[in-house]
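Structural description and commentary
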Amino acid sequence: MELTTKKKNIDTIWEELSISNDFLFGKVMQDAELCKELLQRILPHLEIERIAYPELQKTINPDFDAKSIRLDVYVKDEKGTVYDIEMQVIDTKELPKRTRYYQSIIDLQLIDKGELYSKLKPCFIIFICPFNPFGKGRHVYTFENICKEDNTVSLNDGTTKIFLNANGTEKDCRQELQVFLDYITGKKSEDPFIQKLEEAVKKAKKNRKWRLEFMTLFMRDQENIEKGRQQGIEQGIEQGIEQGIEQGIQQGIQQLVSILRDFTVSDEVILQKIQEKFQFSKEEAKKFL
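Treat the numbers as computed from the prediction; the structure is a model and nothing was measured. (Residues numbered from 1 in each chain as written. Predicted model: local features only at pLDDT ≥ 70, side-chain atom pairs only at ≥ 80, totals over all residues. Heavy atoms only, no water.)

**Notes on the pattern of salt bridges**
We apply this condition: Put simply, a salt bridge is a Lys or Arg side-chain nitrogen that is within 4 Å of an Asp or Glu carboxyl oxygen. Numbering goes from the N terminus for both helices and strands, where a helix is a DSSP run of H or I of at least four residues and a strand is a run of E of at least two. For every residue, the accessible area obtained with a 1.4 Å probe (protein chains only) is divided by the maximum for its type, and the residue is called buried under 20%, exposed over 50%, and partly exposed between those limits.
All told, the structure shown has eleven salt bridges when counted by the stated rule. A salt bridge links E213 to K27; the nearest nitrogen and oxygen atoms lie 3.1 Å apart. In this pair, E213 sits in helix α7 (residues 208–239) while K27 sits in helix α2 (residues 22–28), placing the two residues 186 residues apart along the sequence. Note that R41 and D191 form a salt bridge whose closest N and O atoms lie 3.0 Å from each other. On the criterion of sequence distance, the pair formed by R41 in helix α3 (residues 32–42) and D191 in the loop between α5 (175–184) and α6 (192–205) is long-range, its members being 150 residues apart. Here R41 and D191 have matching classes, each one buried.

Below is the structure:
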């Protein structure tokens, strides 16, 4: 009975997913033409003829003992330029340093030992966010390495980091990009590209293989939440039973909030779920949002 209920809950979550979910976004971007058009809207100054070597949900495991990364959409164009596109729903407060790490790991994949650094191709790391990562109200934040003493001097290292804020307030981007960012926040549009994305989302939800993959990942995440809680309890045995249980529960709730937000569940619903599941007052539950 419990498994049946869980399956129904996952089915409901799957049907309610939008393009802002990183799993679904990665699947939709398997369409090379859609991916190319999105990149062209983000980077209108580039002329991208075609997307080559698409690797969706690419995992890079460094050869040394370091943290591996999983990229939502990793593609190259016909010139060898690399594009990493990430859908980021949760503001982890660490995105700038995350782009730094991603850049270093990606560069390791682009040249082999003994090759000249000049062989490194341009690389764009792009984060699409439904929140403002820098608090200035812009829709687009583009970062390149320039001289601090003279901003007319560029390092020309070929790296660019772009953060897109779907909830921006300034008029700082082209209409073609604006309608896409509006779509991320749930707004409908008659724009042909947005219509194609909407159809691709509907088609993706009918894909049984992807549904099963999503369910598997979702159940794994749920298990990780429980493991985090158990680890907190076990740690509490050494540091004090009461303190350990408290820490385990807090970790579990924080991970639960993160997962629900990934699935675009509203804060109001999340707040209600925390109150019901953990018997917290509204004020106590608010601390986790």
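**A few points about α3**
As a reminder of what qualifies: Under this definition, polar contacts are N or O atom pairs within 3.5 Å; protein pairs additionally need one hydrogen-donor-capable and one acceptor-capable atom, and for neighbouring residues in sequence, both atoms have to be side-chain atoms.
When α3 is considered as a whole, its buried residues turn out to be L34, C35, K36, L38, L39, R41 and I42. Sitting at the head of α3, D31 places a side-chain oxygen 3.0 Å from the backbone nitrogen of E33.

**Quick word on unusual backbone geometry**
Trans peptide bonds make up the majority, and among non-glycine residues the majority have a negative phi. Phi is positive for K93, close to 65 degrees, though the residue is something other than glycine. In this structure, K93 sits in the loop between β3 (82–87) and α4 (95–110). Look at N156: it is not a glycine, yet its phi comes out positive at around 55 degrees. With respect to the secondary-structure elements, N156 resides in the loop between β5 (140–143) and β6 (159–165).

**Things to note about the packing of aromatic side chains**
For the record, the criterion: To pair, rings of Phe, Tyr and Trp, with the six-membered ring standing in for Trp, must have centres within 6.5 Å; the planes then decide the type, stacked if under 30 degrees apart, edge-to-face if over 60, and tilted in the middle.
If you walk through the whole model with that rule in mind, you get eleven aromatic pairs. A centroid spacing of 5.6 Å and a plane angle of 55 degrees characterise the contact between F23 and F214, whose relative ring orientation is tilted. Taken as a pair, F23 in helix α2 and F214 in helix α7 lie far apart in primary sequence, 191 residues in all. Grouping residues by exposure puts F23 and F214 together as buried. On the basis of an interplanar angle of 35 degrees and a centroid distance of 6.2 Å, the ring pair of Y102 and F127 is categorised as tilted. With a gap of 25 residues between them, Y102 in helix α4 and F127 in strand β4 (residues 123–129) connect regions that are remote in the sequence.

**What to know about the packing of α3 against α6**
Condition: Lines are fitted to the C-alpha atoms to define the axes, a helix being fitted only along its stretch in contact, and any angle between axes, read from their N-to-C directions, falls within 0 to 180 degrees. What sets the label is the angle itself: under 35 degrees gives roughly parallel, over 145 gives roughly antiparallel, 65 to 115 gives roughly perpendicular, and the rest give oblique. Crossing handedness follows the turn of the near helix against the far one: under a right angle anticlockwise gives a left-handed crossing, and clockwise gives a right-handed one. The contact rule is simple, with two residues in contact once any of their heavy atoms fall within 4.5 Å. Basically, the charged four are Asp, Glu, Lys and Arg, the nonpolar ten are Ala, Val, Leu, Ile, Met, Phe, Trp, Tyr, Cys and Pro, and anything else, Gly included, counts as polar.
Running from N to C, α3 and α6 cross one another at 140 degrees; their axes reach a closest spacing of 11 Å. In terms of orientation, α3 and α6 fall into the oblique class. The chirality of how α3 crosses α6 is left-handed. Listed contacts from α6 to L34, E37, L38 and R41 of α3 are F193, K196, L197 and A200. A class-by-class count of the residues in the contact of α3 with α6 yields five nonpolar, no polar and three charged.

**Some details on the packing of α3 against α5**
Across the interface, α3 lies against α5 with an axial gap of 8 Å and an inter-helix angle of 120 degrees. You can see that α3 and α5 cross each other, and the crossing is left-handed. Across the interface between the two elements, L38, R41 and I42 from α3 touch E176, L177, V179 and F180 from α5.

**Quick notes on the confidence of the model for the protein chain**
Put simply, the rule reads: Scored between 0 and 100, pLDDT is the confidence that the predictor attaches to each residue.
Within the protein chain, residue pLDDT values average 82, and 81% of them lie at 70 or more. The model gives residues 1–5 a pLDDT under 50, and that stretch makes zero contacts with residues more than four places away or in other chains. A low-confidence stretch, residues 240–245 (pLDDT under 50), is modelled with six contacts involving residues beyond four sequence positions or located in other chains.

**Notes on the nonpolar core**
Our working definition: Grouping buried Ala, Val, Leu, Ile, Met, Phe, Trp, Tyr and Cys residues that are joined through side-chain atoms within 4.5 Å yields what is termed a nonpolar core.
With 47 residues, the main nonpolar core has I128 and F180 as its most contacted residues. Excluding residues that lie within four positions of it along the chain, F180 makes contacts with L38, I128, F193, I194 and L197. Judged by nonpolar contacts, the second largest core, of 14 residues, contains V82, I106, L110 and F163.

**Regarding the side chain of D191**
Accessibility expressed as a relative area gives 17% for D191, which makes it buried. Within the structure, D191 has its side chain in polar contact with the side chain of R41 (distance 3.0 Å). Other than its neighbours up to four places away in sequence, D191 contacts R41 and V179.

**Brief notes about the side chain of N165**
Structurally, the position occupied by N165 is in strand β6. With relative accessibility at 0%, the residue N165 sits in the buried group. For N165, the side chain forms a polar contact with the main-chain nitrogen of N132, separated by 3.5 Å. At a separation of 3.0 Å, a polar atom in the side chain of N165 contacts the main-chain amide nitrogen of N167. Apart from the residues lying within four places of it in its own chain, the contact partners of N165 are C129, F131, N132, P133, G137, R138, H139, Y141 and L181.

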